[in-house]
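Observations on chain architecture
Below, each chain spelled out in residue letters.
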Amino acid sequence: MTAKVLFTGKTHTTAGANGAARSADGFLDIKLPQPHPAAENLFGAAWSACYLGAIQLAAGQRKIALTDPSVDAEVDLVNEAGAFFLQARLAVGLPGLDRDVAQELIDAAHAICPYSKAVHGNIDVVTTLA
């Protein structure tokens, strides 16, 4: 079976006082005079959006209706002894669901979400049900 590319995000980012990031399709156009905290905020937004989609997919596969699901992401840039790394917290809101069902969806989403797969073992991640 051949893998099918579903979407390619294309961005151009510049540094300095007039730094910015812009996507080729114009959907993203943001000023970035400083790389941080922009990088952590953008990563948190991208990961939480992807993770939310994975929760919705997992719910659909299980025929579970969702009402106003949400993900709040916090991404920390950490420096320890001169080495930089990230750590993250994802707070998932799944109103109206039984906690066990919600936890099942949270766990399933990490197995579906490409961002979660990419960071697995590389970033300390704490996921909680809000």
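Computed from a predicted structure; not experimentally measured.

Thresholds applied
- Sequence order as written defines residue numbering, which begins from 1 separately in each chain.
- Restriction of local features to residues with pLDDT of at least 70 applies here, the model being predicted, together with a cutoff of 80 or more for giving and counting side-chain atom pairs; totals for whole chains, interfaces and linings are based on all residues.
- The side-chain quantities take in all heavy atoms of the structure and omit both hydrogens and water.
- Strand pairing requires that DSSP identify at least two bridges connecting the strands.
- Strands here are runs of E lasting at least two residues and helices are runs of H or I lasting at least four, both read from the DSSP assignment and numbered beginning at the N terminus.
- Simply put, an axis is a line fit to the C-alpha atoms, just over the touching stretch for a helix, and the angle between two N-to-C directions goes from 0 to 180 degrees.
- The pLDDT score gives, residue by residue, the confidence of the prediction method on a 0 to 100 scale.
- Here, two residues are considered to be in contact whenever any of their heavy atoms come within 4.5 Å of each other.
- The rule is simple: take the accessible area with a 1.4 Å probe, protein chains only, and divide by the maximum for that residue type; under 20% is buried, over 50% is exposed, in between is partly exposed.
- Think of a polar contact as two N or O atoms within 3.5 Å of one another; within protein, one of them needs to be a possible hydrogen donor and the other a possible acceptor, and neighboring residues in sequence only count if both atoms come from side chains.

**Some remarks on the pairing of strand 2 (residues 20-23)**
For a regular strand, side-chain orientation follows a simple rule: the groups alternate between the two sheet faces. With 4 bridges joining them, strand 1 (residues 11-14) and strand 2 adopt antiparallel strand pairing. Within strand 2, the residue paired with Thr-11 across the bridge is Ser-23. Count of turn residues in the strand 1/strand 2 antiparallel hairpin: 5 residues, of which Gly-16 carries a positive phi of about 105°. Turn length for the strand 2-strand 3 (residues 29-31) hairpin, with the two strands adjacent in sequence and antiparallel, is 5 residues, and the turn residue Gly-26 shows positive phi of about 80°.

**Structural notes on the sheet that holds strand 2**
The sheet built from 3 strands is open, its strands ordered 1-2-3 with antiparallel pairing. Edge positions in the open sheet fall to strand 1 and strand 3, since each of these has one partner strand only. Going from strand to strand, the sheet's axes swing by 5° on average, the running direction of each strand aside.

**Digging into the confidence of the model for the chain**
Overall, the prediction assigns the chain a mean pLDDT of 94, with 99% of residues at 70 or greater. Helix 2 (residues 99-112) holds the highest mean pLDDT among the elements of the chain, 98, whereas strand 3 holds the lowest, 92.

**Points about the sheet that holds strand 5 (residues 83-93)**
On the basis of which strands lie adjacent, the open sheet formed by 3 strands has the order 4-5-6 and mixed pairing. Of all strands in the sheet, those bounded by a partner on one side alone are strand 4 (70-80) and strand 6 (124-129). Neighbour-to-neighbour, the strand axes of the sheet open up by a mean angle of 15°, direction not taken into account. Sheet contacts for helix 1 (residues 38-61): strand 4, strand 5 and strand 6; angle to strand 4, the most-contacted strand, approximately 140°. Along the sheet face, helix 2 touches strand 5 and strand 6 and points at about 150° away from the line of strand 6.

**Details of the side chain of Ser-48**
Tracing the backbone shows Ser-48 in helix 1. Relative accessible area serves as the criterion here: at 11%, Ser-48 is assigned to the buried category. A distance of 2.8 Å separates a polar side-chain atom of Ser-48 from the backbone oxygen of Gly-44. Here Ser-48 is in contact with Val-71 and Ala-73, once residues within four sequence places are set aside.

**Digging into unusual backbone geometry**
A negative phi angle is the norm for most residues apart from glycine, just as the trans form is the norm for most peptide bonds. For Asp-68, which is not a glycine, the phi torsion comes out positive at approximately 55°. The exposure class of Asp-68 is exposed, given its relative accessible area of 64%. The backbone phi angle of Ala-81 is positive, close to 55°, even though this residue is not glycine. Mapped onto the fold, Ala-81 is located in the loop between strand 4 and strand 5.

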